[in-house]
Amino acid sequence: MAVFTEISDEDRNSIAAAYGMTSLSSVIGIADGDRETTYLFRTAGGEFIVTLFENGAEPLDLERAFATMEKLNNRGIPCPKPTRTVDGDATFQAAGRLVAIVSFVAGSSTNNPTPEKSENLGRLMARIHVILQGGRKHSLDELPTGALHGALVPSNVFFLGENVSGVINFRLRHDDVLISEIADVLISWASQPAGELDEQKARAILAGYESVRQLTEAEKKALPAFVLASAARHYASKKDKIYMLGAAVRAFESSGFGPVARQPACRA
């Protein structure tokens with residue numbers, strides 16, 4: 001997120017009025033990231049993240065993201081609380097851009113999580129899966145499917161101390177097999193420079209996950225293949241692709257240690 005679109009005093013006032021904000025004390029541009037324009041609005045009612053979408057955002061996509069966040073927020077997931085306009089809409093138009101607002105969440109991201117952070121991340125992911133899956137049934141030989149966050153990368157998860165304090169950016173929420181997101185998280189959070197997984201972090205992520213939702217035997221068998229696919233996508237996105245194949249294979253070979261299950265407790 002960064003400031004690509006400057007907003008005028010008129011824009012600020014129209015946004016504040018549309019969302020029923022009172023006593024707007026400051027507006028601060030957030031110079032972080034590279035895709036959207038983001039501001040912090042400080043008001044008498046609290047602090048809000050105001051995003052102006054530069055391209056690719058559709059009102060229906062944001063409505064779906066809002067509905068997901070509202071459901072998770074109501075179940076205790078530490079995600080931003082969506083802020084709707086006084087008319088109940090998820091979006092607004094200002095400065096020629098689509099606008100969406102959520103509550104501010106405290107914390108900071110990390111690219112090098114401790115084992116405890118890794119375990120709490122796995123627990124959060126499982127809670128999201130269980131809540132959004134909604135009791136969907138599957139046969140024993142099928143891979144369970146459901147709604148995924150879609151972008152549980154380090155920049156979208158915040159921590160205070162060792163605990164997850166916030167998870168943001170639900171625009172990529174979609175349905176797929178749950179194990180695909182588990183593999184993506186292992187690659188995003190536990191990969192070492194040469195491609196292999198850090199076993200301590202990977203085990204902690206899986207242990208945290210299985211403290212909420214136990215993996216099926218089909219998922220355990222499929223995990224290495226999904227890790228390979230996720231690693232290939234991850235390294236293919238890098239500028240230097242010369243080491244892509246080797247790194248992906250090392251990720252695959254290092255994922256065969258298997259999940260470390262704790263006492264299963266299917267709760268959200």
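Remember, predicted model here, so these are calculated numbers, not experimental data.

## Regarding the packing of aromatic side chains
Thinking step 1. This structure, assessed with the given rule, holds 2 aromatic pairs.
Thinking step 2. With a centroid separation of 6.3 Å and an interplanar angle of 80 degrees, the aromatic rings of Tyr19 and Phe92 are classed as edge-to-face. Of this pair, Tyr19 sits in the loop between helix H1 (9–18) and strand S1 (26–29) while Phe92 sits in strand S5 (residues 92–94), placing them 73 residues apart in sequence.
Thinking step 3. Consider the rings of Phe159 and Trp189, whose centres lie 6.1 Å apart with planes at 75 degrees: the pair is edge-to-face. Taken together, the residues span a long stretch of sequence, with Phe159 in strand S8 (residues 157–160) and Trp189 in helix H4 (residues 178–190) at a distance of 30 residues. The burial state of Phe159 is the same as that of Trp189; both residues are buried.
Thinking step 4. Lying across the ring of Phe159, Lys117 places its NZ or CZ 5.7 Å from the centre.

## Thoughts on the environment of Gln192
Thinking step 1. Relative to the elements of secondary structure, Gln192 occurs in the loop between H4 and helix H5 (199–210).
Thinking step 2. Along the sequence, Gln192 and Ala251 sit 59 residues apart, while their C-alpha atoms lie 8.9 Å from each other.
Thinking step 3. The contact partners of Gln192, leaving out residues within four places of it in the chain, are Leu197, Asp198 and Tyr235.

## Here's the deal with H5
Thinking step 1. The end-to-end C-alpha separation of H5 is 16 Å, in line with the 16 Å expected for 12 residues at 1.5 Å each.
Thinking step 2. The buried fraction of H5 amounts to 9 of the 12 residues, a majority that puts the element mostly inside the structure.
Thinking step 3. Within H5 the residues assigned to the buried category are Lys201, Ala202, Ala204, Ile205, Leu206, Ala207, Gly208, Tyr209 and Glu210.
Thinking step 4. Considering only its buried residues, H5 is in contact with helix H3 (115–133), H4 and helix H6 (217–236).
Thinking step 5. In this structure Asp198 caps H5, since a side-chain oxygen of it lies 3.0 Å from the backbone nitrogen of Gln200.

Definitions and cut-offs
- Residues numbered from 1 in each chain as written.
- Predicted model: local features only at pLDDT ≥ 70, side-chain atom pairs only at ≥ 80, totals over all residues.
- Heavy atoms only, no water.
- Phe/Tyr/Trp six-rings, centres within 6.5 Å; stacked < 30°, edge-to-face > 60°.
- Helix = DSSP H or I, 4+ residues; strand = E, 2+ residues; numbered from the N terminus.
- Buried < 20%, exposed > 50% of the residue type's maximum accessible area, 1.4 Å probe, protein only.
- Lys NZ or Arg CZ within 6 Å of the ring centre and 35° of its normal.
- Contact = heavy atoms within 4.5 Å.
- Expected span 1.5 Å × (residues − 1).
- Polar contact = N/O pair within 3.5 Å; in protein donor to acceptor, adjacent residues only side chain to side chain.

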